[in-house]
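Breakdown of the fold
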Amino acid sequence: MSYHKRKRGTGIGEIIYEMKHVLIGVLCLIVILLLIVAVTRHNTSASVRTSAEISEESIEAHTPDYEVDLLTVNEYSRPGISLEEVNGIVIHYTANPGTSAEANRDYFEGLKDSHVTKASAHFIVGLEGEIVQCIPTAEITYASNDRNSDTLSIECCYENEDGSFNQETYDSVILLTAWLCAKFGLTSDDVIRHYDITGKMCPVYYVENPDAWEQFKEDVDAYLASM
């Protein structure tokens, strides 16, 4: 008895069968992508909520030690213009190695007489980690160009030729930045370099070493998480 082996058909039923498997695969892929998007959004939302969920008591408890030595109101360094909202924190470096926070504060004060330029900052962090407040956070500074109207500015002293901050300065800048983030409902995504506004190489080390800048922001996040 002989017979011929039956070949697999290619009719409409076979095509539908194959299409079902393709559709199932596509649907599975879509589900996976939707899950990834959902998890990403959740993590992003959690990050955004980080500073907003910190209690007033915790913010008060983590207030850094700083000296208030306000500049005289003048058109060259403290114009006395109200800062209506705070949408970011800008990190700068002084560009004059080895100088102290108080020396830089006095330079800003002297501009009212010298009229050399217009410049200032809300806070200056010194080589020993000392923090000096020059301008109230309710007023603008002349520090961040187009972002003067909605940011707080921190000037950082340094002694290393590459522009990096020593440990004392770095630790105080992280603490101050995180505290300001918590106080004004910001996250590390709102912390930027002067460079990010104008392209100026400031703070130079954290422009030339983007990994160090990312670590800076991670350290701000870590401090926020501890509050």
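Every residue gets a number counted from 1 within its own chain, in the order that chain's sequence is written. Local features are withheld for residues below a pLDDT of 70 in this predicted model, meaning they are given only at 70 or higher, and side-chain atom pairs are given and counted only at 80 or more; totals for whole chains, interfaces and linings count all residues. For side-chain calculations, the full set of non-hydrogen atoms in the structure is used, while hydrogens and water are omitted.

**Some remarks on helix 4 (residues 167-184)**
Selection rule: The way it works is that DSSP assigns letters per residue, a run of H or I at least four long becomes a helix, a run of E at least two long becomes a strand, and they are numbered from the N terminus. The length a helix should cover is 1.5 Å for every residue beyond the first. Identification of polar contacts relies on pairs of N or O atoms within 3.5 Å, with a donor-acceptor requirement for protein atoms, meaning one able to donate a hydrogen and the other able to accept it, and with residues adjacent in sequence counted only if both atoms are side-chain atoms.
With 18 residues, helix 4 ought to run about 26 Å at 1.5 Å a step, and its terminal C-alpha atoms sit 26 Å apart, in line with that. Of the residues that open helix 4, the one with a side-chain oxygen 3.2 Å from the backbone nitrogen of Glu168 is Asn166. Looking one or two residues past helix 4, Gly185 carries a phi angle of roughly 70°, positive in sign.

**Examining helix 3 (residues 101-114)**
To keep things clear, this is the line we draw: Per-residue accessibility, obtained with a 1.4 Å probe over protein chains only, is compared with the maximum for each type, and a residue is labelled buried under 20%, exposed over 50%, and partly exposed between these values. Any pair of residues with heavy atoms lying within 4.5 Å of one another is described as a contacting pair.
In this model helix 3 runs 20 Å from its N-terminal to its C-terminal C-alpha over 14 residues, within 8% of the 20 Å that 1.5 Å per residue would give. Of all the residues in helix 3, the buried ones are Ala101, Asn104, Arg105, Phe108, Glu109 and Leu111. As for helix 3, its buried residues are in contact with strand 3 (123-125), strand 4 (131-133) and strand 5 (151-156).

**A word on the environment of Gly129**
Along the chain, Gly129 turns up in the loop between strand 3 and strand 4. A C-alpha to C-alpha distance of 9.6 Å links Gly129 and Tyr66, two positions 63 residues apart in sequence. Contacts of Gly129, omitting those with residues within four sequence positions, involve Glu168, Thr169 and Ser172.

**Examining the packing of aromatic side chains**
This is how the line gets drawn: The pairing test for Phe, Tyr and Trp rings, Trp by its six-membered ring, is centres within 6.5 Å, and the orientation test on the planes gives stacked under 30 degrees, edge-to-face over 60, and tilted for anything in between.
Scanning all chains against the criterion turns up nine aromatic pairs. Taking 5.0 Å as the distance between ring centres and 35° as the angle between the ring planes, the aromatic pair formed by Tyr93 and Tyr158 counts as tilted. Note that Tyr93 is positioned in strand 2 (residues 88-93) and Tyr158 in the loop between strand 5 and helix 4, a separation of 65 residues in sequence. Tyr158 matches Tyr93 in its accessibility class, with the two residues each being buried.

**What about the side chain of Ser164?**
Relative to the helices and strands, Ser164 resides in the loop between strand 5 and helix 4. Judged by its relative accessible area of 11%, Ser164 falls in the buried class. At 3.1 Å, the side chain of Ser164 forms a polar contact with the side chain of Asn160. Side chain to side chain, Ser164 and Asp162 meet in a polar contact 2.7 Å long. Ser164 has contacts with Tyr158, Tyr205 and Tyr206, leaving out every residue within four places of it along the chain.

**So, the confidence of the model for the chain**
Test applied: Residue-level confidence of the predictor is what pLDDT reports, using numbers from 0 through 100.
Confidence in the prediction for the chain averages 88 pLDDT; 80% of positions are at 70 or higher. This model gives residues 1-9 a pLDDT under 50, and the stretch forms four contacts once residues within four places in sequence are excluded. Between residues 39-49, whose pLDDT stays under 50, and residues either more than four places distant or in other chains, the model counts two contacts.

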